Amino acid sequence: MMKRLLSSFCALMLLVSSSAFAASDSPVETIRDGARQVLDLLKQDNGKNTRQVRQQVEALAVPQFDFQRMTALAVGRGWRQATPEQQQQLSQEFQTLLVRIYTSTMTRYKGTQVDVKPNPILANNGREATVKSEVTLPNSSDKKPVSIDYTLYKTAQGWKIYNVSVEGASLVTVYRNQFNDEINKSGVDGLIKMLKDKNAAVTAKGNA
Amino acid sequence: MSRPIRTLTAAAALLLAGCANTGHPPNPQDPYESYNRTMFSINDGLDRTVIKPAAQGYRFITPQPIRTGISNFFDNFRDIYSAANNLLRGHAEDTLNDIMRVALNSTFGLGGLLDIADPAGLKNNKTSLGDTFASWGWKNSNYLVMPFFGPSTVRDGTGLTVMLAVKGPEHLVYHDVKGGPYIFWGMYGLSTRERMLDVTNAVDEAAVDRYSYIRDGYMQLRAQQVGAPLPKPSDNGLNDMDIDELVAPTGAGNASAPAGEVAKPAAPAVKQPAASAPAAEPAPAH
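Residues numbered from 1 in each chain as written. Chains lettered and ligands numbered in written order. Predicted model: local features only at pLDDT ≥ 70, side-chain atom pairs only at ≥ 80, totals over all residues. Heavy atoms only, no water.

A. Here's a closer look at the overall build of chain B. Across its full length, chain B carries 11 helices and 2 strands. Along chain B, helices (α) and strands (β) appear in the sequence α-α-α-α-α-β-β-α-α-α-α-α-α when read from the amino end. Residue pairs at least 24 apart in sequence account for 64% of intrachain contacts in chain B once pairs closer than 6 positions are excluded. Counting only carbon and sulfur atoms, one obtains 66% of the accessible surface of chain B, whose full area is about 15100 Å². (Helix = DSSP H or I, 4+ residues; strand = E, 2+ residues; numbered from the N terminus. Contact = heavy atoms within 4.5 Å. Areas by Shrake-Rupley, 256 points an atom, 1.4 Å probe, with all protein chains shown as cover.)

B. Up close: unusual backbone geometry. Phi at N124(A) takes a positive value of approximately 55°, unusual for a residue other than glycine. For F148(B), which is not glycine, the phi torsion reads 75° and is therefore positive. The topology assignment puts F148(B) in the loop between β1 (143-146) and β2 (150-153). Look at F148(B) and you get partly exposed, because its relative accessible area is 47%. (Buried < 20%, exposed > 50% of the residue type's maximum accessible area, 1.4 Å probe, protein only.)

C. Just the packing of aromatic side chains, in detail. Using the criterion set out here, one finds 20 aromatic pairs over all chains in the structure. With centroids separated by 5.7 Å and ring planes inclined at 90°, the aromatic side chains of Y153(A) and Y162(A) adopt a geometry described as edge-to-face. Assigned by exposure class, Y153(A) and Y162(A) land together as buried. Ring centres of F73(B) and F74(B) lie 5.5 Å apart, and the angle between their planes is 75°; this geometry places the pair in the edge-to-face category. Looking at F74(B), the relative accessible area reads 6%, which means it is buried. Across the ring face of Y153(A), the terminal group of R69(A) is positioned such that the distance to the ring centre comes to 3.7 Å. Its end group placed over the ring of Y162(A), R69(A) keeps NZ or CZ at 4.5 Å from the ring centre. (Phe/Tyr/Trp six-rings, centres within 6.5 Å; stacked < 30°, edge-to-face > 60°. Lys NZ or Arg CZ within 6 Å of the ring centre and 35° of its normal.)

Set out below in structure tokens:
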């Protein structure tokens, strides 16, 4: 009983601190704090509480991203063809997909070491920043660290991530051609349906 | 090199000729798309039925330290090729680095089973013949799916084929063992595939169309590695800088919103500029 009380208290504390760092005014601190908290959270995974830890990771990570902007970046020019409702639906589905990728990657690589570089590359009069980091994977025969770059922009709620690149390949724009092909073939609604189907398929597979 | 590879290459050439003008509409970013997709699905079938299960079995029965040793052993041979390529590129320092790696790992590293060069500060900077071609000026090359080896470009595939045709140092290891080449290359393939398992699982989860996800990811990655401009997406443009035209920066009106809920309030703020954007700019061409 005490234990449960304690863990819910910890979860509460995490939520409080996560909203504190979400308003951080330095892009490097945003990434550094976020990475540290997610990694700390993952250490609590003891094999039995995986689902719970995943949910907490999600709750911690989601406010750090701007999914609307990410979706627009992924879709590219086709974004303008979409009505506000379609844009909303696209963002919703793309967010589901990305969040799932994020949490399962993080759970897969728990014990990872993240080294966030102090000097971000600023653009657009300091309103955009690319923060570089090097990630060393545990238990891997590749000891070479993987470089992961985050592109953030400044909002009233602090810095928000809208692009992530692994070794220079963007995890967002990698979808551009796939999305465009689908929009050209069956319109924006076709793309929404495709993403819905994809999410449903992954969910079904995950629960099996 | 060995006969199976030559047969595969010949088969690929035939396929390339056969599929050159069927199926998909031409994509300027991927002129061999119909051949590539065919080869991709052949590779994929082989992977699903044989290679991936074998790699999973290999992971299941061998402990991590042994797998690392085996992977280091093959890595040591790749360092020899890397040294040769850095020499061809005229990168003296990297050549020396690679030679020192091989020397250290082959001796104190027990024939390459241990990678002691890495902790000793000799960086792992594998350079392939494709990289050499790129540094000679062949920066842009079209996407090409190689039989068996998967994602590549015409440049990197040419490099790989040349490398496989050369009787390399690994020949000394297996030349008097019966079936030596098959064991050597089979084990190399298994070890490589095992190391890729996590990546391919992540791709399966992420990709909507796996062919184009792998292609576009690979092409971005390679462009970055060889210092070529990033490939243009098929919608012909939109740099990261233009993103403000598509989605106005959010949050001007909701400074008071609790930080935890930013993802949702962001949506309404975007509606206006997104709706008015088409009026400001000419409609996108198709």
